[in-house]
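Inside the fold
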Amino acid sequence: MHTFQPYPTELLEMNPFTKIGSEWALVTAGDKNKANTMTISWGGLGVIWAKNVVYVFIRESRYTKEFMDRLEFFSVSFLGEEYRESLSYCGSHSGRDVNKFHMAGLTPAYKLGIPYPDESNLVLLCRKMAAVPITEEHFTDPHILEQFYGDRDMHTMYVGEIIEAMAR
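Residues numbered from 1 in each chain as written. Predicted model: local features only at pLDDT ≥ 70, side-chain atom pairs only at ≥ 80, totals over all residues. Heavy atoms only, no water.

Quick word on the pairing of strand β10 (residues 155-167)
Inclusion rule: Classification of residues uses two cut-offs on accessible area relative to the type maximum, computed with a 1.4 Å probe and protein chains only: under 20% is buried, over 50% is exposed, and between them is partly exposed. Helix and strand assignments follow DSSP, with helices taken as H or I runs no shorter than four residues and strands as E runs no shorter than two, numbered in order from the N terminus. At least two DSSP bridges between two strands are required for those strands to pair.
Counting buried positions along β10 yields eleven of 13 residues, so the element is predominantly enclosed. The pairing of strand β9 (residues 122-133) with β10 spans eleven bridges and is antiparallel. Bridge assignment links Pro 133 to a residue of β10, and that residue is Thr 156.

Focus: the side chain of Lys 65
For clarity, the cut-off: What makes two residues a contact is simply this: any of their non-hydrogen atoms within 4.5 Å.
With respect to the helices and strands, the residue Lys 65 is situated in helix α2 (residues 63-70). Exposure remark for Lys 65: the relative accessible area of 9% places this residue in the buried category. Excluding its chain neighbours within four sequence positions, the residues that come into contact with Lys 65 are Ile 58, Arg 59, Glu 60, Thr 156 and Tyr 158.

A few points about the environment of Ser 88
Note that Ser 88 resides in helix α3 (residues 84-92). For Ser 88, a relative accessible area of 36% translates into the label partly exposed. With 51 residues separating them in the primary sequence, Ser 88 and Phe 139 have C-alpha atoms 29 Å apart.

Examining α2
Among all positions in α2, only Tyr 63, Thr 64, Lys 65, Phe 67 and Met 68 are buried. For α2, the elements touching its buried residues are β2 (25-30), β3 (35-40), β5 (51-59), β6 (73-78), β9 and β10.

A few points about a nonpolar patch on the surface
Heads up, the condition is: Residues qualify for a patch when their relative accessible area is over 30% and they have no salt bridge, like charges being joined within 9 Å and the nonpolar side chains of Val, Leu, Ile, Met, Phe, Trp and Tyr within 5 Å. All accessible areas in this document rest on Shrake-Rupley with a 1.4 Å probe, and a residue is counted as covered only by the protein chains that are shown. When a carboxyl oxygen of Asp or Glu is within 4 Å of a side-chain nitrogen of Lys or Arg, the pair counts as a salt bridge.
On the surface, Trp 42, Ile 144 and Phe 148 cluster together to form a nonpolar patch covering roughly 240 Å² of accessible area. Mapped onto the elements, Ile 144 comes out in helix α5 (residues 142-148).

Some remarks on the pattern of salt bridges
Using the criterion set out here, one finds ten salt bridges in the structure. The salt bridge involving Glu 164 is made with Lys 111; its shortest N-O contact spans 2.6 Å. A residue pair is termed long-range when its members are at least 10 positions apart, and Glu 164 in strand β10 and Lys 111 in strand β7 (residues 108-111) qualify at 53 residues. Overall, the relative accessible area of 29% leaves Lys 111 in the partly exposed class. Between Glu 136 and Arg 152 there is a salt bridge; the shortest N-O distance is 3.2 Å. One end of the pair, Glu 136, is in the loop between β9 and α5; the other, Arg 152, is in the loop between α5 and β10, and 16 residues separate them in sequence. A residue is classified by how much of its surface remains accessible, and Arg 152, at 33% relative accessible area, is partly exposed. Through salt bridges that share partners, Lys 51, Arg 127 and Glu 161 make up one connected network.

Written out as structure tokens, the structure reads:
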């Protein structure tokens, strides 16, 4: 497998609607002792507070949220279509119960102490800048609340500065 190379964020040419919304990504948080990854299909990239950032949404019930809340760094990783089953597994099983990396056929790797799946083809290493709880009173459209939060398992939006991008 080819090794990762630094990749300037200014050179990223990807459609976030496709990459995140259709192809999905993995958000990973933790340390060398314990880490967890989960599939995301909500989020985006942009510029906030004069920084290149990624923003992701994680439900209160997700195990990865414990790592995101406790630690300063996380990664967002993109994998090829050949890992679609791994992405599906990571989106439907909890790391509380299993070693999700192992069960999904993924290998944990670390850069700057930040975990990510070694099988990725693009990794964004991020420093958490904000954790914003999404609450019922934030919605101006009640249909969104009912359609996506009928069980009231709300999201937190995490904004992370992209401190390094790596690609193969």
